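# An overview of the molecular structure
Read off the chains here:
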Amino acid sequence: MLTLKKVSKSFRTDLVETHALRSLDLTVDEGEFVAVTGPSGSGKTTFLNIAGLLETFTSGQLILDGEDVSNLSDRQRSIIRNQKIGFIFQGFNLIPDLNLYENVEVPLRYRGIKKAERKERIENALENVGLIGRMKHIPSQLSGGQQQRVAIARALAGEPKLLLADEPTGNLDSLMARQVIELMENINDTGTTIVMVTHDAELAHRAHRNIHIMDGEAVDMEQVLSMSQHQRASKTASA
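Source: prediction; values computed, not measured.

So, on to the overall build of the chain. Across its full length, the chain holds eight helices and ten strands. Here the C-alpha atoms of the chain give a radius of gyration of 20 Å, agreeing with the 18 Å that 2.2 N^0.38 yields for 239 residues. Along the first, second and third principal axes, the C-alpha set of the chain runs to 70 × 40 × 35 Å. Taken over 239 residues, the chain has a buried fraction of 46%. Within the chain, contacts between residues at least 6 apart in sequence are counted, and of these 71% link residues at least 24 apart. In the chain, 27 side chains carry a positive charge and 31 a negative one; their mean positions are 4 Å apart.

Another point: the pattern of salt bridges. Taken as a whole and judged by the stated rule, the model has twelve salt bridges. Note that Lys84 is salt-bridged to Asp65, the shortest N-O span being 3.1 Å. With a gap of 19 residues between them, Lys84 in helix α2 (residues 74-84) and Asp65 in the loop between β4 (59-64) and β5 (67-68) connect regions that are remote in the sequence. When its relative accessible area of 25% is taken as the criterion, Asp65 is described as partly exposed. A salt bridge links Glu105 to Arg109; its shortest N-O distance comes to 3.5 Å.

How each quantity is defined
- Residues numbered from 1 in each chain as written.
- Predicted model: local features only at pLDDT ≥ 70, side-chain atom pairs only at ≥ 80, totals over all residues.
- Heavy atoms only, no water.
- Helix = DSSP H or I, 4+ residues; strand = E, 2+ residues; numbered from the N terminus.
- Rg over C-alpha atoms; globule rule 2.2 N^0.38 Å.
- Buried < 20%, exposed > 50% of the residue type's maximum accessible area, 1.4 Å probe, protein only.
- Contact = heavy atoms within 4.5 Å.
- Lys, Arg positive; Asp, Glu negative; His and termini not counted.
- Charge placed at Lys NZ, Arg CZ, Asp CG, Glu CD.
- Salt bridge = Lys/Arg side-chain N within 4 Å of Asp/Glu carboxyl O.

Okay, here's the thing in structure tokens:
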């Protein structure tokens, strides 16, 4: 579903060059639920933005759903993004003056989907997240967990092949966070590929696989932990 080959991203000023990603190699198979972890500033969000075609990159290759999308124009990236990718953000990104139905409808209108099909998709999506009875409410009338479920419904209505989530439970308490992650697990069970950036070790543990990014590179955490244990054992022995 998603392959990054030697992807690098640099930001340059007159005096400094900052490397957000360094020759990142990473593959996510169709139907996987992958958690991406790493310290703040490690490159996780940059990776997610590149995977979602929101940012370009300096060098390397990006393959999405079997198609090389490395050198597309802004318009071409926008079309593929709208057709194949769904986004869930920590801040929900709902339009405050629109009700739930209208919030979910916005990206479907952009795609030119006809009214009858939009209605069916919106109602199915809101039903899936348990909010069909509140479709005329505005975001301020909902709890944080409910607002995040609206954001998930908005992504689902587009029927994406790839769902990208950036700290989807970061603004929620533990109970609401569990409800949201359970909903995402159910979505993944239907075949949608999910890549989730998170700082929450418990949530990361529930994914099929964990990818740790450190200093812009993918790190094999099992190898790091094994080396760390070996170093501690060597120090103990030498002492």
